[in-house]
Amino acid sequence: MNTFKVSVQETSNNNIIKFELNEFITKHQSFEFNNIDEAKASPLAQQLFYLPFVKKVYISGNFIAVERYSIVEWSDVQDEVAEQIETYLNDGGIVIEETAQAKKVPVTVYAESTPNPSVMKFVANKKIVTALFEFTSIDEAKLSPLATELFHFPFVKSVFIDENYVSITKFDMAEWQDITIELREFIRSYIENGKDVVLPNAAETLKKSTTQLDSHYESLDDTSKEIINILEEYVKPAVASDGGNIQFISYDANTKNVSVMLQGACSGCPSSTYTLKSGIENMLKEMLKGKVETVEAING
């Protein structure tokens, strides 16, 4: 059984707090409840309305947003609410009854070119996964129904999924102008129909759940932790915007060599070697003086 973890996220409206989960609790659907009567189809929302300060509950994807009345400050109650949600879900509590009417939020997907001419990034207007996944064959894609279906297109070589986008690497047999619209519409329709992008146990099976990643991080030496933190803060946002990812593999204190894996659009990208040497290697050598000499990459 999945172990749900809840983290508290502030929003631009100080009356509203988001309780973000490490797993999806709706099939890409959204539900909004203004009072306990409206929430009959959501036992979880009804539970929350028993709290006297709860004004509105919004449930979507992997989060629950709660608007408060001004009788309390979130700083005084948010941790208790997070704990209540976490306990409820881990006890097998129902989030939404099958009869519930979802709030219709149109799904949009747009295609975006990447520095890698073989890779196109398809970006959705909602979060579709809670961890990143890369599949280079249909055999590897058993934990992702979406990736499995994409591999049925003869021109799909690999599939990379992260947050709110899918990066697809094509074989040379096809040109993007001939296949982009077909792929974009397929992905949009797939998400809109509420189908599983990855199976609920995918992150845990592939050791990508938040708990497993945190545990692995804590087992590393201090320099490896510093390298990961630098990559997370300075490198990953940039490569994610290009439809890819860079993943720390290992650090050798004797040779001062860092090994990383290039994924998605970064894998096999003509400019990735330059980025690696002139960007990442120089940055690590500068920020961790005397600890890093070289960075080598393998393609995912």
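The chain appears in an unreviewed UniProt entry as NifU family protein from Mariniflexile soesokkakense. Here is the UniProt Sequence similarities (unreviewed entry) comment for the chain, exactly as written: "Belongs to the NifU family."

Within this numbering scheme, the UniProt entry marks residues 6-92 and 109-194 as carrying the feature "domain: Scaffold protein Nfu/NifU N-terminal" (unreviewed entry). Overall, residues 6-92 shows 28% helix and 32% strand. The separation of its end C-alpha atoms is 15 Å. End C-alpha to end C-alpha, residues 109-194 measures 14 Å, and it is 27% helix and 31% strand.

Mapping lysine 285 onto the fold places it in helix H8 (residues 272-287). It is 24 Å that separates the C-alpha atoms of lysine 285 and serine 241, two residues lying 44 residues apart in sequence. Discounting chain neighbours no more than four positions away, the residues touching lysine 285 are Val292 and Glu293.

Another aspect to go through is the sheet that holds strand S6 (residues 109-113). Strand order in the open sheet formed by five strands is S6-S7-S10-S9-S8, with antiparallel pairing between adjacent strands. With one partner strand each, in any of the chains shown, S6 and strand S8 (133-135) form the two edges of the open sheet. Sheet twist, expressed as the mean angle between neighbouring strand axes with direction ignored, is 20 degrees. One ladder, built from five bridges, connects strand S7 (residues 119-124) with strand S10 (residues 165-170); its direction is antiparallel. Considered in S10, the bridge of methionine 120 is made with isoleucine 168.

About the criteria used
- Residues numbered from 1 in each chain as written.
- Predicted model: local features only at pLDDT ≥ 70, side-chain atom pairs only at ≥ 80, totals over all residues.
- Heavy atoms only, no water.
- UniProt positions renumbered as here; feature names shortened; annotations may be inferred.
- Helix = DSSP H or I, 4+ residues; strand = E, 2+ residues; numbered from the N terminus.
- Contact = heavy atoms within 4.5 Å.
- Pairing = 2+ DSSP bridges.
- Axes fitted to C-alpha atoms, helices over the stretch in contact; angles between N-to-C directions.

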